[in-house]
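The residues making up each chain are set out below.
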Amino acid sequence: MPVDNAAQVEVPTPRPCFIAATGRPLFVWHHAPPSHLRRGAGVVLCQPLGYEYMSAYRSWRILATRLAALGFDVLRVDYDGTGDSDGDYDDPDRVGAWLRSIDCAIDEARTLSGSSVVALIGLRAGAMLALQAAAARGGVDRLVLWSPFLSGRAYLREVKAFAALTRDDHACDDADECSAINASGHPLTAETAAALGGWSIDAVTTRPAPEVLVVDRDDGTVDSKLESHLIALGSQLTRVRPEGTGEMFTLPHAAKVPDRAVDEITAWFRD
């Protein structure tokens, strides 16, 4: 069994499994809590997209282990067409499928925990998706937005810039794939880019959660629009800016776990 070093709590080994989602398998890792610490609440981790998920993978796994040690049933979900889930990047309606993947993972977390209480944690583009999914359900109990984008256009600007730096002949196999936004072998079709680019924080008109934690990057500016928008919707918002998040998004083999950020998130859930 792995041990959460911060709390010195032995937790069960994570269990890989497939769950049914709109007719095809959706892959998740289930981090179960120790039986004597089980809180009866679930947490769904909504991963970043593409290359950033590779860089953040180890940090994502450690965060899940830490939350399981606190007593939560934690699910790390591979969206439809990503990771080990069924589907492909060029299937139609990718954004809709990713939101349905989160919705399915929420239902699974509630089943596993035996409770309707569930929280979402989204990182980067995953925060953008988690915010939309939470609002569409009429809200979840808690929501963490870690280094979120305030619009799909902001996300696409970064992806296009990264694609320009990492474009290689070996990164695509045919003309259609090369015509997409291809960031180091992680392509977005024109349809997917258009769907992402049409979203902004203003589209969220329902309170996504009573309590929201925003974890800002330490290597960028802080935009107050997200905070004011969520407060206007009735959310109680906590905002932190721990060191280390920027170092998580370097080359995967050199990426560092942002311990301060993980500590802030687990402390917020410990309450």
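This section reports on the structure supplied with the text. The structure displayed is predicted, hence computed values, not measured ones.

What about helix α3 (residues 125-136)?
Residues spaced three or four apart along an α-helix face the same direction, because each turn holds 3.6 residues.
Part 1 of the argument: Under the 1.5 Å per step criterion, the end-to-end length of α3 is 17 Å for twelve residues, consistent within 8% with the ideal 16 Å.
Part 2 of the argument: Within α3, eleven of the twelve residues are buried, leaving the element largely enclosed by the surrounding structure.
Part 3 of the argument: Within α3, burial applies to A125, G126, A127, M128, L129, A130, L131, Q132, A133, A134 and A135.
Part 4 of the argument: One or two residues past the end of α3 sits G138, with phi positive at roughly 85 degrees.

Digging into the pattern of salt bridges
Part 1 of the argument: Per the counting criterion, the structure on display carries 16 salt bridges.
Part 2 of the argument: With a shortest N-O distance of 2.4 Å, D73 and R38 are connected by a salt bridge. A residue pair is termed long-range when its members are at least 10 positions apart, and D73 in strand β6 (residues 73-77) and R38 in the loop between β4 (24-31) and β5 (42-46) qualify at 35 residues.
Part 3 of the argument: The shortest N-O distance in the salt bridge between R260 and E243 comes to 3.6 Å. Residue R260 is found in helix α8 (residues 259-270), and its partner E243 is found in the loop between β12 (236-240) and α8; the two are separated by 17 residues along the sequence.

Definitions and cut-offs
Residues numbered from 1 in each chain as written. Predicted model: local features only at pLDDT ≥ 70, side-chain atom pairs only at ≥ 80, totals over all residues. Heavy atoms only, no water. Helix = DSSP H or I, 4+ residues; strand = E, 2+ residues; numbered from the N terminus. Expected span 1.5 Å × (residues − 1). Buried < 20%, exposed > 50% of the residue type's maximum accessible area, 1.4 Å probe, protein only. Salt bridge = Lys/Arg side-chain N within 4 Å of Asp/Glu carboxyl O.

In short, the description is geometric, and any link to function would need to be established separately.
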